[in-house]
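A closer look at the structure
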Amino acid sequence: MRSSLILSLLTDDLLERVLDFLVDDSDRKSFRATCKAFHDLESGHRTRLKFLRPEFIPGLLRNYKRADTLDFSVCPRIYDGTISALLNNVTCSGWARRVRSVVLSRTTSLRFSGLEVLVGSCPGLQSVDVSHCYQFGDREAAALSCGAELREVKMDKCLRVTDVGLAKIAIGCEKLEKISLKWCLEITDLGIDLLSKKCLQLKHLSISYLKISNESLRSISSLKKLEKLLMVGCGLVDDGGLHFLGNGCPSLQVLDITRCEHVSSSGLISVIRGCKGLQKLNAGYYFLELSTDVFRNLKDLKYLKTIRVDGARVADSFFQIISSNCLFLVEVGLSKCEGVNDLGIMQLVSGCPNLKMLDLTCCADITDIAISAIAHSCKKLLCLKLESCSLLTEKSFSYLGSSCHLLEELDLTECHVNDIGLDYLSKCSELRYLKLGLCTDISDKGLSYIASHCKIKELDLYRCSNVGDDGLRFLATGCKKIRKLNLSYCTKVTDKGMVYLGLLEELSDLELRSNANVTDAGLIALTSGCRKLSELDIKNCENIGDAGFWSLAFHSWNLQQINLSYCSVSDVGLCMMMGNLTRLQDAKLVNLTKVSAKGLS
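Parameters at a glance
- Residues numbered from 1 in each chain as written.
- Predicted model: local features only at pLDDT ≥ 70, side-chain atom pairs only at ≥ 80, totals over all residues.
- Heavy atoms only, no water.
- Helix = DSSP H or I, 4+ residues; strand = E, 2+ residues; numbered from the N terminus.
- Rg over C-alpha atoms; globule rule 2.2 N^0.38 Å.
- Contact = heavy atoms within 4.5 Å.
- Areas by Shrake-Rupley, 256 points an atom, 1.4 Å probe, with all protein chains shown as cover.
- Buried < 20%, exposed > 50% of the residue type's maximum accessible area, 1.4 Å probe, protein only.
- Phe/Tyr/Trp six-rings, centres within 6.5 Å; stacked < 30°, edge-to-face > 60°.
- Lys NZ or Arg CZ within 6 Å of the ring centre and 35° of its normal.
- Core = buried A, V, L, I, M, F, W, Y, C linked by side-chain atoms within 4.5 Å.

1. Concerning the overall build of the chain
Counting its regular elements, the chain contains 27 helices and 22 strands. Taken over C-alpha atoms, the radius of gyration comes to 26 Å for the chain, in line with the 25 Å a tight globule of 601 residues would show. For the chain, contacts bridging at least 24 residues in sequence account for 72% of all contacts bridging at least 6. Summed over its atoms, the accessible surface of the chain is roughly 25,900 Å², and 52% of this surface lies on carbon and sulfur atoms.

Structure representation (structure tokens):
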């Protein structure tokens, strides 16, 4: 009675503000399950719908009348006729007029005619994502070009799109502000040139992995409003292209030239001198050594927030200049860099107290001294990556546990972590993402510390050979929000552990490679409880057979990716599973000795 009275005092405005802070789907589900009033309020508040099955779409469109973003990415059976049927369905009429954004990623069955109808029926459409639609080509691009109000188009890995299709979009969508063409391998300098001439409002552009040359960068340099340029792996671009960017693009704030193998320090200096407003610079994995001239010019980037020079050789002057001049720095990437030592890290963090992300992967020379300096200076640190930093001891984890209370992500893969270290780290109560792969000294006891105090959502225990069923019991009790778990080569885990995992209702991604102690009974227990499983890797789990896969077929309708190579499934089990899992997008079926050619067909 008292709780009902309290709820009656909360106005709809206050409750809507509460909903604004509920970003987790499970939290919103709990909210709307509280009572009918909360359910109605959440229905009227929701603006995004993610469809799981085609038959649910009309009802959802009818019930959620404020929804302006529709996500079909995990509902692969969407055909041209599906769109026409929805438009003609009187029970959910009017939905097309309010749509502003559509996600069609991986909906490979939707072709030209369906896209044409969809775009033509949504006059307010501003954003479309057709990434990974392998059938998407120039005709489909022509259908998108009818969306005159489009501001954002994402076409990553649309391998059939050529300059012709891009030209259609450039001419028809002149209001375009964001476009991603990553891995569109048929796009050339000609298409980029026309895009740059027609879409003068472009602010964000991704041309990563395209076979374009300096001529494309000459065209792009004319875009006066361009703020973000991603050109990872553009192997034909050299310093001449970066000189064009340095002499143009006055608004550029974000530049990613990772793995551009023909670019040198000279080109990077041109960009730094010409683009004083740069806030994020990613120049990893192509410099063997950064020249001192690069370091000297970095001090002119007063607003720099992120810098990544992964894989480069860095000198002490780098840390001195960064620490003294880049006062707004929040992210530094030094993964696999040579020359990173305790003194350099101490200099860096002394002048960058606002650091939130620091990547020291494979910086093998750092010791507890560097971690002590990080913990003392970087109280706002959210993410720290220390993979293969093998000189760290329990002292480092004690420093982190006592000082970095906001830490959310920590990578300790192949570090010498033991149960005592996990006890120290459990004081980082905001920890959500933890990687402990190849840490063979941790046991179930160490997991009990983490499970009791942390809010873990993703946990990597790859080859943690001393973790067993009791550890999973601790996780099931204390980490109910866990979504991603890697137990590959954890050979002490048995069917009993799978029963505990079945209690994790939010678990969506599980890796369980090479575990001979898990049988059909374990998979049945897992799938009957974890209904949200979307990715499952059980490669080389040789004692899982048809009974386990029948359970998978019955319970795991949300499964999108599976690896069952080297398992004991037969023709019958495979056919049952593949027939029922209608959302499956990727299946690895290597060396299934009990499956015949007929079964595979």
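2. Describing the environment of Gly277
Looking at the element boundaries, Gly277 is found in the loop between α14 (265–274) and β10 (280–282). You can call Gly277 partly exposed: its relative accessible area is 32%. The sequence separation of Gly277 and Glu227 amounts to 50 residues, and the corresponding C-alpha distance is 9.4 Å. Those residues in contact with Gly277 that sit more than four places away from it in its chain are Leu252 and Gln253.

3. Digging into the environment of Leu298
Position of Leu298 relative to the elements: it lies in helix α15 (residues 292–298). What makes Leu298 buried here is its relative accessible area of 3%. Once the C-alpha coordinates of Leu298 and Pro353 are considered, the two residues, 55 residues apart in sequence, prove to be 19 Å apart. Setting aside residues up to four positions removed in sequence, Leu298 forms contacts with Ile272, Ile307, Phe318, Ile321, Ile322 and Cys326.

4. Let's talk about the packing of aromatic side chains
Overall, the coordinates contain 6 aromatic pairs when judged by the stated rule. Judged by centre distance (6.2 Å) and plane angle (20°), the rings of Tyr303 and Phe328 are stacked. Of this pair, Tyr303 sits in the loop between α15 and β11 (306–308) while Phe328 sits in the loop between α16 (316–325) and β12 (331–333), placing them 25 residues apart in sequence. Taken together, a centroid distance of 5.3 Å and an interplanar angle of 80° make the contact between Phe318 and Phe319 edge-to-face. Comparing Phe318 with Phe319 shows no difference in burial state: the two are buried. Of the aromatic side chains, those joined through ring pairs into one cluster are Phe295, Phe318 and Phe319. Here the guanidinium or amino end of Arg46 rests over the ring plane of Tyr64, the centre of that ring lying 4.8 Å away. Seen from the ring of Phe112, Arg139 lies directly overhead, with NZ or CZ sitting 4.2 Å from the centre.

5. What about the nonpolar core?
Ile207, Ile220, Met231 and Leu461 are the most contacted members of the largest nonpolar core, which totals 182 residues. Looking at which element gives the most residues to this core, the answer is helix α18 (residues 368–377), with 5 residues. Residues contacting Ile207, with those up to four places away along its chain left out, are Ile192, Ile212, Leu217, Ile220, Leu229, Leu230, Met231 and Cys234. The next biggest cluster of nonpolar side chains, apart from the first, holds 6 residues, and it includes Leu19, Leu22, Phe31 and Phe38.

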